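Read off the chains here:
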Amino acid sequence: MRLYKTDAIVLSDSELGDQDKIITLLSDQYGKIRAVAKGARRLKSRFAPAVQMPSYVNAVLYRSQRIEVDTFNECKINSPFLGIRNDLVRLSYGYYLVELIMKFIRGAETPPFLFDLVLKMLFLLETTPEKSLPVLMRSFELKMLTILGYRPYLAGCVDCHRRIEKSRQVYFSGYEGGILCSSCSRKRVGKLVSYEAIRWMKFFANTPLKKLANMRAGEKIEKELKVIPESYIPHRLGEDVLSYDFIETVQDLEKDGDLEKIID
Ligand SMILES: [Zn+2]
């Protein structure tokens with residue numbers, strides 16, 4: 001049995017028997033880890049406050065040769081991200097981010113820069129004005145896709161490689177993995193987007209997250225950029241990201257003032 005220490009982000013927890021929990025973590029070096037937090041379901045447990053999504057923790061874990069699930073020995077909170085946990089809109093983004101990582105990261109290694117990106121995103125998710133969260137999330141998605149080798153092709157038509165002229169129509173295809181010119185889009189499925197939306201996509205992919213913390217791209221562009229979570233990411237994953245709908249649901253409820261009504 002080997003003891004090791006790691007910084008990690010709590011991605012999810014599930015109950016194990018009456019007293020324990022199984023926690024999934026994103027470690028700064030060891031990829032995704034599953035570990036048992038003994039007694040974490042008890043009120044006075046020393047682990048209970050730490051092992052909650054999306055806490056940033058420093059954990060000491062046992063790794064057994066015999067079983068695939070590790071065991072917590074110690075777990076200290078670096079940041080509990082209460083600002084995310086206590087706000088339904090921010091929490092909906094948190095769930096989405098965590099599901100992206102759960103689904104994209106499969107192995108026992110964390111791709112370089114990914115842990116820092118997720119951590120920076122969580123700190124910004126806690127403090128960024130709510131109106132800038134869609135922009136911030138699009139930028140996070142594009143950066144995450146870049147790190148994982150799935151960046152959409154935006155330099156020209158993904159099929160014929162011709163540059164897209166400003167005056168021409170542009171299509172974006174999640175299936176094809178980038179933009180299509182109007183003649184190639186006739187042969188394949190693509191969603192019509194504005195030239196401006198593609199420029200914003202490039203800008204979000206290349207601009208540091210913290211510089212976007214007060215930014216908006218405008219309602220029209222932000223709507224067009226939803227092709228990334230709604231089409232591009234599901235095609236790369238081969239499945240839907242279920243919690244994306246939760247962001248939309250919470251936003252709709254908040255916009256209509258229904259959130260207050262339903263809890264009244
Ligand atoms: Zn083309």
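In this text, all values refer to a predicted model and were calculated from it rather than measured experimentally. (Residues numbered from 1 in each chain as written. Predicted model: local features only at pLDDT ≥ 70, side-chain atom pairs only at ≥ 80, totals over all residues. Heavy atoms only, no water.)

Visitor: Can you lay out the coordination of the zinc ion for me, pointing to particular residues and giving the numbers?
Guide: Within the first shell, the zinc ion binds the protein through Cys157 (SG), Cys160 (SG), Cys181 (SG) and Cys184 (SG), at distances of 2.3 Å. Geometry at the zinc ion is tetrahedral, judged from the four donor atoms that bind it and their angles of 104 to 115° at the metal. Look at where the donors of the zinc ion fall in the sequence and you get C-x2-C-x20-C-x2-C. On the criterion of sequence distance, the pair formed by cysteine 160 in the loop between α4 (133–147) and β6 (170–173) and cysteine 181 in the loop between β7 (178–180) and α5 (182–187) is long-range, its members being 21 residues apart. Assessed through its relative accessible area of 27%, cysteine 160 is described here as partly exposed. Exposure remark for cysteine 181: the relative accessible area of 11% places this residue in the buried category. (Donors = N, O, S within 2.8 Å, 3.2 Å for Na, K, Ca; no water. Tetrahedral: all angles 85-135°; square planar, octahedral: opposite > 155°, others 65-115°. Helix = DSSP H or I, 4+ residues; strand = E, 2+ residues; numbered from the N terminus. Buried < 20%, exposed > 50% of the residue type's maximum accessible area, 1.4 Å probe, protein only.)

Visitor: Go over the domain arrangement of the chain, please, and point to the residues and values.
Guide: As far as domains go, the chain holds domain 1 (2–80) and domain 2 (83–255). For domain 1 versus domain 2, the separation of C-alpha centres amounts to 29 Å. Between domain 1 and domain 2, the residue contacts involve 21 residues of the former and 18 residues of the latter. A combined buried area of about 1,700 Å² lies between domain 1 and domain 2, and 70% of that area is made up of carbon and sulfur atoms. Looking only at domain 1, the three residues that lose the most surface to domain 2 are Leu26, Lys32 and Met53, adding up to 34% of its buried area. One can count zero salt bridges joining domain 1 with domain 2. Summed over the shared surface of domain 1 and domain 2, the result is nine residue pairs in polar contact (both at pLDDT 80 or more). Sorting the residues of the side of domain 1 that touches domain 2 by element identifies β1 (2–16) and β2 (20–27) as the ones contributing at least two each. Broken down by element, the side of domain 1 that touches domain 2 gets its largest block of residues, five residues, from β1. Per-class residue counts for the side of domain 1 that touches domain 2 are 10 nonpolar, eight polar and three charged. (Domains from an automatic or database assignment. Contact = heavy atoms within 4.5 Å. Buried area = accessible area lost by both parts, 1.4 Å probe. Salt bridge = Lys/Arg side-chain N within 4 Å of Asp/Glu carboxyl O. Polar contact = N/O pair within 3.5 Å; in protein donor to acceptor, adjacent residues only side chain to side chain. Nonpolar A, V, L, I, M, F, W, Y, C, P; charged D, E, K, R; others polar.)

Visitor: I'd like a description of the side chain of arginine 138, backed by residues and values.
Guide: Within the element layout of this structure, arginine 138 appears in helix α4. At a separation of 2.7 Å, a polar atom in the side chain of arginine 138 contacts the side chain of glutamate 141. Setting aside anything within four residues of it in sequence, one finds arginine 138 in contact with Phe204, Leu225, Lys226, Ile228, Pro229 and Tyr244.

Visitor: Could you give an account of the environment of isoleucine 147, with specific residues and numbers?
Guide: Locating isoleucine 147 in the fold gives a position in helix α4. Along the chain, isoleucine 147 and lysine 223 lie 76 residues apart, while their C-alpha atoms are 24 Å from each other.

Visitor: I'd love a proper account of the packing of aromatic side chains, names of residues and values included.
Guide: For the coordinates displayed, the defined rule picks out 11 aromatic pairs. Connected via pairs of aromatic rings, a cluster forms that spans Trp200, Phe203 and Phe204. Between the NZ or CZ atom of arginine 236 and the centre of the ring of tyrosine 232, over which it lies, the distance is 4.6 Å. (Phe/Tyr/Trp six-rings, centres within 6.5 Å; stacked < 30°, edge-to-face > 60°. Lys NZ or Arg CZ within 6 Å of the ring centre and 35° of its normal.)

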